[in-house]
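What follows is each chain in one-letter form.
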Amino acid sequence: ALESGHFVMEVEEHLGITAMASALALNTRRDKLADRRVRMALTYAFDFDWINRVLNFGFYNRVNSFFDNSALESTGIPQGRERELLEEFSDILPPELFTEPFQLPRSSGTGLNRENMLKAQALFSEAGWNVVDGRLLNEAREQFTFEILVRNAGEERVSLPYAAALRRLGIDAKVRMADAAQFRNRVRNFHFDAAYRGYWATATLGTYLKPFFHSTSAPMLFTENWPGIRSPAVDSFIERALTTYDYEELHASGRALDRSLLWGYYLIPTQVEPGGRWTYWDRFGRPKTTAKRRYFPFPETWWLDKEKSAAVDAWLSQAAESEGDT
């Protein structure tokens, strides 16, 4: 049926926002992770392309924005009103934010990841961590330790090769599996270096931004702000987005917020599905253009096509007769 075209297997592309649906939150409340260069180095060491090729058959994508597929997504170099908003905080934002498009590190997917690992090593060195006798040490001769907190086999599966890569840099890296209660208790009390956390978003922004990213939410128990983001720039863009009634100002604030969060390296994006996976008998008519939305447009915008349905029934009848003959 699949070969004849009467049965369909397809991936419906996501046309709406996927946001940071799956990411590794880095706990900036820990002194060693408060340095942006360290978080950036940890991001360079995460070989998404190898993990995706070997473990996931190349199926997943990686999101490059907190507001992808929307007018809030930051692209290229900041321009216009967005740049004006960002320049108010030029003293605390990284200089490259104004001159370079944000890009997550890519690799060949072969498992070597040499260039990115060298970049990570250089960033660690800038932050005061250097390799001595195979161990990444600070000036006090303390080794860099890093524990990835996971709650299921899927997260563990992705984390183990990442931990192995970190050990190549001289880091004492471990993956710790916790049951649901222990996981939640440790996250609630900020007893973690890194833990998997997904974030959703909307195309118009909303009050969810404060518990997600505002500095006032960082010290709260049960906070959604797992990385502990505390940035005057991020706070300002959130406040502006929530109070403006101007269309352009809203989008400029959203793009400035997106760019600030990305360049802060608070999260290591892991993987998102490229779209919904669906299988169905080809009995339906479909509109030529699909509306921008997150989920598959069946059944709201599809209809039963009598000719297609009759063709499927005829094929099934013929297949049943052939089955009976054999």
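See above for the structure.
Residues numbered from 1 in each chain as written. Predicted model: local features only at pLDDT ≥ 70, side-chain atom pairs only at ≥ 80, totals over all residues. Heavy atoms only, no water.

Draft legend 1. View of the packing of helix α2 (residues 48-55) against helix α5 (residues 153-168). Packing of α2 against α5 brings their axes to within 11 Å, and their N-to-C directions diverge by 130°. Considered as vectors, α2 and α5 are oriented oblique to each other. Judged by the twist between their axes, the crossing of α2 over α5 is right-handed. Taken together, the residues of α5 that come into contact with α2 (itself represented by Trp-50, Ile-51 and Leu-55) are Arg-157, Val-158 and Pro-161. By residue class, the composition of the contact of α2 with α5 is five nonpolar, no polar and one charged. (Axes fitted to C-alpha atoms, helices over the stretch in contact; angles between N-to-C directions. Helix = DSSP H or I, 4+ residues; strand = E, 2+ residues; numbered from the N terminus. Parallel < 35°, antiparallel > 145°, perpendicular 65-115°, else oblique. Left-handed = near helix turned anticlockwise from the far one by under 90°. Contact = heavy atoms within 4.5 Å. Nonpolar A, V, L, I, M, F, W, Y, C, P; charged D, E, K, R; others polar.)

Draft legend 2. Region of interest: the packing of aromatic side chains. If you walk through the whole model with that rule in mind, you get 21 aromatic pairs. Between the aromatic rings of Phe-102 and Tyr-265, the centroid separation amounts to 5.5 Å while the plane-to-plane angle is 55°, which identifies the pairing as tilted. Here Phe-102, found in the loop between α3 (80-87) and α4 (114-126), pairs with Tyr-265, found in the loop between α9 (247-264) and β8 (267-269); they are 163 residues apart in sequence, far enough to count as distant. Under the relative-accessibility criterion, Phe-102 is labelled buried at 11%. Consider the rings of Phe-284 and Trp-302, whose centres lie 5.5 Å apart with planes at 50°: the pair is tilted. (Phe/Tyr/Trp six-rings, centres within 6.5 Å; stacked < 30°, edge-to-face > 60°. Buried < 20%, exposed > 50% of the residue type's maximum accessible area, 1.4 Å probe, protein only.)

Draft legend 3. Looking closely at unusual backbone geometry. You will see that Leu-205, though not glycine, has its phi angle at about 65°, which is positive. Within the fold, Leu-205 resides in the loop between β7 (194-197) and α7 (209-213). Owing to a relative accessible area of 9%, Leu-205 belongs among the buried residues under this scheme. Positive phi values are uncommon outside glycine, yet Phe-222 reaches one of about 65°. On the basis of relative accessible area, Phe-222 is assigned to the partly exposed category, the value being 48%.

Draft legend 4. The arrangement of the environment of Leu-136 in detail. Among the secondary structure elements, Leu-136 is positioned in strand β4 (residues 135-137). Given a relative accessible area of 2%, Leu-136 falls into the buried group. Apart from the residues lying within four places of it in its own chain, the contact partners of Leu-136 are Phe-124, Trp-129, Asn-130, Val-131, Glu-142, Gln-143, Phe-144, Leu-169, Gly-170 and Ile-171.

Draft legend 5. Spotlight on the pairing of strand β6 (residues 172-177). By the bridge criterion, six bridges tie strand β5 (residues 145-150) to β6 in an arrangement that is parallel. When the sheet's bridge partners are listed, Phe-146 is paired in β6 with Ala-173. In this fold, β5 hands off to α5, which returns the chain to β6; that crossover is right-handed. (Pairing = 2+ DSSP bridges. Right-handed = clockwise from strand over helix to strand, strands pointing away.)

Draft legend 6. The nonpolar core, seen in detail. Grouped together as the largest cluster of nonpolar side chains are 81 residues, with contacts concentrated most on Leu-42, Phe-124, Phe-146, Tyr-162, Ile-171 and Phe-213. If one sorts the elements of this core by residue count, α9 sits on top with seven residues. Discounting residues that sit within four places of it in the chain, Tyr-162 has contacts with Leu-24, Leu-42, Thr-43, Ala-45, Phe-46, Phe-146, Ile-148 and Ile-268. (Core = buried A, V, L, I, M, F, W, Y, C linked by side-chain atoms within 4.5 Å.)

Draft legend 7. Quick peek at the packing of helix α1 (residues 36-45) against α4. Closest axis-to-axis distance for the α1/α4 pair is 8 Å, and the angle between their directions is 165°. As summarised for this structure, α1 and α4 are arranged roughly antiparallel, according to the angle between their axes. α1 and α4 meet at a crossing whose hand is left-handed. Listed contacts from α4 to Arg-37, Val-38, Met-40, Ala-41, Leu-42, Tyr-44 and Ala-45 of α1 are Asn-116, Met-117, Lys-119, Ala-120, Leu-123, Phe-124 and Glu-126. Tallied by class, the residues present in the contact of α1 with α4 amount to ten nonpolar, one polar and three charged.

Draft legend 8. Broad picture of the sheet that holds β8. With mixed pairing, five strands are arranged side by side in an open sheet as β6-β5-β7-β2-β8. Each edge of the open sheet is held by one strand with a lone partner, namely β6 and β8. Here the strands of the sheet are splayed against their neighbours by 25° on average, with no regard to which way each runs. Here strand β2 (residues 23-26) pairs with β8 via three bridges, running antiparallel. Across the sheet, the residue bridging to Ala-25 is Leu-267, located in β8.

Draft legend 9. Structural detail: the side chain of Asn-27. Along the chain, Asn-27 turns up in the loop between β2 and α1. A polar contact of 2.9 Å, which involves the side chain of Asn-27, links it to the side chain of Arg-29. Among all residues touching Asn-27, those that are not within four sequence positions of it are Leu-33, Phe-190, Phe-192, Asp-193, Trp-226 and Pro-227. (Polar contact = N/O pair within 3.5 Å; in protein donor to acceptor, adjacent residues only side chain to side chain.)

Draft legend 10. Expanded view of the pattern of salt bridges. The tally for this structure, following the rule as stated, stands at 21 salt bridges. Between Arg-106 and Asp-49 there is a salt bridge, with the nearest N and O atoms lying 2.6 Å from each other. In this pair, Arg-106 sits in the loop between α3 and α4 while Asp-49 sits in helix α2, placing the two residues 57 residues apart along the sequence. Under the relative-accessibility criterion, Arg-106 is labelled exposed at 59%. One salt bridge in this structure joins Arg-240 and Glu-249, with 2.9 Å as the shortest N-O distance. (Salt bridge = Lys/Arg side-chain N within 4 Å of Asp/Glu carboxyl O.)

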